[in-house]
Structures are given as structure tokens and as C-alpha cells.
Amino acid sequence: MEEGEISSPSPAATNWSEEWEIPKYNKKKARHQKRKYDALSASGVPNVQEVVYGPKAKAQIELQLHRRKPNNQVLKVRDVQNLILWILGEGINPDWVFVKNKPLIGRVVLLLASGLGAHALEPHLPRLPFLSSLQRTALQGPASKVRMYCPLQEVFNVPIKGAVNPPKRQRTDEEALPPAGYYVATAGQLKENNYPLEAQLAKPAWIKLAPRADLAATRQLVALDCEMCITKQGFELTRISMVDSEGGVIMDELVKPSNAITDYNTRFSGITPEMLRDVTTTLGDVQARVQAELGASSIVVGHSLENDLVALHLVHDRVIDTALLFPHSRGPGYKNALRHLVKRYLGREIQVDKHDSVQDATAALDLAKLKIAKGPSFGEENLTGESLFGVLERTNQKCALLGRQGFVTQFTQASAASAVPCPSDDDVAQRPVR
């Protein structure tokens, strides 16, 4: 092993901090080299890197978590941001890492593999020599029952020095919380999320709810969930469940599709051939039932409710969609799964073995009622700071963000960073290499 190199750990290693052979660097010499590098670069000296650091020099990183107090040796996502700012920007040298020959770092790639935890990665490390060769440590995110957490949201949001969040103000009796109608999706949201609109009524078998003067109080706010199977015509309704504002079941009906089923989609629908064997109820039957129970003023709650309304062939514009009510921290184009929202905010498990439309409708109703009780800001990010890309622009660093369209647009807006939409994970992986 040559001086200055870091040996790779054995594939069977489990205690990475003991396996790595970390050389001790002369930090005083490193600071002197950095000053010399900056001076020669400003003077226009050619091949300045080779002059200062030598022809075989390279940048390296040494983890120094031992320098922290014992109760603070787990890295936070903010520590990753500080490292990026130190390497590329005008940040402060983090106390948990030492970067040798920092000016030799040409570019930095930050890769987020959603859902890929250590437990899923470890068995595959023998086939991933590059990842196996890297120093690794755990990252810890904050626990919150108020909002969903997105690591990249924190990485890209740089706190403004001296800025403080305004204190929470207690709401007075005169300042009532907004009513349920406040959370009804806007016309723009309905269109953006592919909700069926009035034009659909020109097609056969499509309906809308009529105004009702005699609508019961428990029918003013209801929750709806449908299960669908696949036929030659696509997804068709096979079960509909509806609960009232108190959680009572209004209807829970199995439905016989108009066309022969090609895939019961049991894993997601919970529907089996045995369940539908003797069913004679049709789409028209349940539509009539829905029209008898609800009116045009009814607020219908559900999760990604556009799919349910399409399956039911129902046009209705007074909806509360919990996928919009609790927006994904990555922005447009992403939606939180219902089971994740229920686990986070209600503290219970759903969809453990299969989907159950009564259970899902009740969960969506409880989420909506929680939001109504807590207020508009509940469950939404409230970050105050400056874009990481904006900070790096001041040091003339060029940045690019690769990912889905809505994701890259959200985080690069109002900055000079390049937004590179990618249609697939494979494209994301290949682009930086090109």
C-alpha cells in the first residue's frame, strides 16, 4: 500500500471504523498547500496542481467522528450539506471529516437512492466493488409527527445565518380554523391530477351528483375508496366502500364488471375470484346508490381520488384528496402513499396483507379530519433558508440536478443550476458518466 492511500475493507467486514487503515495527515502542511495553490492559480501559473501537490497527488477524505462527543457521533443530513459547502463553496471545515488536497476535487456527485437502506445494500456489496471501497457511516434524520421528512429538502435548503423561525402564535377564539370546504381541491388541482371533468358527462354511463335540499349532516363529508380489477377495457370497478363523517359504513358493495376479468389484481385490490362468483351488482346499481346517498354539496374525501371517480364514472368537483392535503416534500409529480401517511400521522398500520377499501376510506377520512383540526400548515414543510444552488453560484460552481421533471424543477427554480429531467433510474445513473 502506497503512502496516502486508504485500504479497502474485506467484504465480510461489519465494523467499518476498525477495518479502515486511515493515514494521519499533516494539516498545517495542507493549509500551506492550499494558500500556495490559491496564489499560483490567481497568477495564472500553468499546471498549478502538479506544482503544488505533485504529479501523483489526489484528494482523499478521512472520517473523524471520534473528535465529536460520544452522544454526537451519528451524522445528520445537515452534516452532508456542510461537507458540500466546504468542498465546493465557502463553508466551514466540518469537525467530523478531514479533506486532504481539497483543491484537487474536480466535481462532486451526490446520489440519493430512495428506500435503499443498509439492510438492503449489505448482501449485494460483494458485487459492488466501488461501493465496497468507500468509507461509510450512518445518517440520522429528525423524527416528526407533524410532517413527512425528505433528506434532499434539507440538503438543498441552507439556513440563513442569524435567521430564526417566528414563534408559534396561539390562535384566539375569534380566529376559527378554516372549515372543511377550505381544503376542497381547486379547479387547477383537479385538472393537474387528471380528475374527470364535465366533458366526461357526454360519454355513456357517466354521472354527476344533483343538488339536494334534504342532505343529512353525516352526508356533508364522506370518504370513498374503490377497488379495481383489470379487464380487456382496462381497470373496472369491483368494490366500492363509503363511510360517513362519523366513520359509519354507508355502503360496501362488490361489483360485477361489464367485461370479463383478465387480472384480479388481488395483491392491490384484495379481490379474489371467489368473492365475485355470485355477484350481480352492476356499475349502474352502485351509481344509483351513490346518487341517493350524496348530493352536489357533499365533500368526498379519498386518497388519489381521481382513480376512484374514474372507476365509478362520477364527475364531482368537491373533493378533499389526502395526497394533495399532505404534499410530498419533493414537490409536484410525487405523492405520499396512504399507508405512509397513516403510519406517520395516525400511528397505525394499514394495507399490511392486502388493500381493504373500508379501511382505506376510514384512514383517508381520519387524515382529513386531523388536518382540519390542526390547520392548513399541518403536515407541510416550513423551511426558511437559501437554495444550496444559489449559495454555490456565488463561488462560480456549476450545478446540475438529475431526476424526475417535477423534482428537478422544484429544487432548481430561481437558480442558475441546470435541471435535467430523466425518464428512468437508468438514465439518472448514466447521465453523469456521459
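This text gives an overview of the structure that appears in the document. The residue numbering used here restarts from 1 in each chain and proceeds along that chain's sequence as written. Given that this is a predicted model, residues contribute local features only at a pLDDT of at least 70 and side-chain atom pairs are listed and counted only at 80 or more, while totals for whole chains, interfaces and linings are drawn from all residues. Side-chain numbers come from the whole structure's heavy atoms, not from hydrogens or water.

1. Structural notes on the environment of Asp-317
Counting from the N terminus, the helices are DSSP H or I runs at least four residues long and the strands are E runs at least two residues long. Looking at where Asp-317 falls in the secondary structure, it is placed in the loop between β12 (314-315) and β13 (319-321). For the pair Asp-317 and Pro-196, spaced 121 residues apart in sequence, the C-alpha to C-alpha distance is 8.9 Å.

2. As for the packing of aromatic side chains
Planes of paired rings set the category: under 30 degrees apart is stacked, over 60 is edge-to-face and the rest tilted, where pairs are Phe, Tyr or Trp rings (Trp by its six-membered ring) whose centres lie within 6.5 Å. Per the counting criterion, the structure on display carries five aromatic pairs. Considering the side-chain rings of Tyr-345 and Phe-378, the 5.4 Å spacing of their centres and the 55 degrees angle between planes classify their relative orientation as tilted. On the criterion of sequence distance, the pair formed by Tyr-345 in helix α14 (residues 338-346) and Phe-378 in the loop between α15 (357-374) and β14 (386-387) is long-range, its members being 33 residues apart. Across the pair, Phe-378 and Tyr-345 agree in class, each one buried. Taken together through their ring pairs, the aromatic side chains of Phe-326, Tyr-345 and Phe-378 make up a single cluster. Sitting over a ring, as applied to charges here, requires NZ of Lys or CZ of Arg to be within 6 Å of the ring centre and within 35 degrees of the ring normal. The ring of Trp-86 has Lys-102 lying over it, and the distance from NZ or CZ to the ring centre is 4.3 Å. Sitting over the ring of Phe-326, Lys-371 keeps its end group 5.3 Å from the ring centre. Per-residue accessibility, obtained with a 1.4 Å probe over protein chains only, is compared with the maximum for each type, and a residue is labelled buried under 20%, exposed over 50%, and partly exposed between these values.

3. With respect to α15
If you check α15, its first and last C-alpha atoms are 26 Å apart, about what 18 residues at 1.5 Å a residue would give, namely 26 Å. When α15 is considered as a whole, its buried residues turn out to be Ser-357, Val-358, Asp-360, Ala-361, Ala-363, Ala-364, Leu-365, Leu-367, Ala-368, Leu-370, Lys-371 and Ile-372. Side-chain atoms alone can form a polar contact between residues adjacent in sequence; in general such a contact is a pair of N or O atoms within 3.5 Å, and within protein one must be able to donate a hydrogen while the other accepts it. Where α15 begins, the capping side chain belongs to Asp-356, and its oxygen is found 3.0 Å from the backbone nitrogen of Val-358. Once α15 ends, the next one or two residues include Gly-375, with phi positive near 110 degrees. Expected span of a helix, by definition, is 1.5 Å for each gap between consecutive residues, and there is one gap fewer than residues.

4. Focus on the nonpolar core
Counting residues in hydrophobic clusters, the biggest one holds 26 residues, and the most contacted among them are Leu-224, Leu-237, Ile-240, Val-286, Val-290, Leu-312 and Val-319. Contacts are assigned to residue pairs with any non-hydrogen atoms lying within 4.5 Å of each other. What Val-319 contacts, discounting residues up to four positions off in sequence, is Tyr-183, Val-184, Ala-185, Leu-190, Tyr-195, Val-300, Leu-305 and Leu-309. Definition of nonpolar core: a set of buried residues of the types Ala, Val, Leu, Ile, Met, Phe, Trp, Tyr and Cys, connected through side-chain atoms within 4.5 Å.

5. A few points about the side chain of Glu-306
By the secondary structure assignment, Glu-306 is in helix α12 (residues 305-312). The class for Glu-306 is buried, based on a relative accessible area of 9%. Among the polar contacts made by the side chain of Glu-306, one reaches the side chain of Lys-335 at a distance of 3.3 Å. For Glu-306, the contacting residues outside a window of four places in its chain are Asn-193, Asn-194, Tyr-195, Pro-196, Asp-321 and Lys-335.

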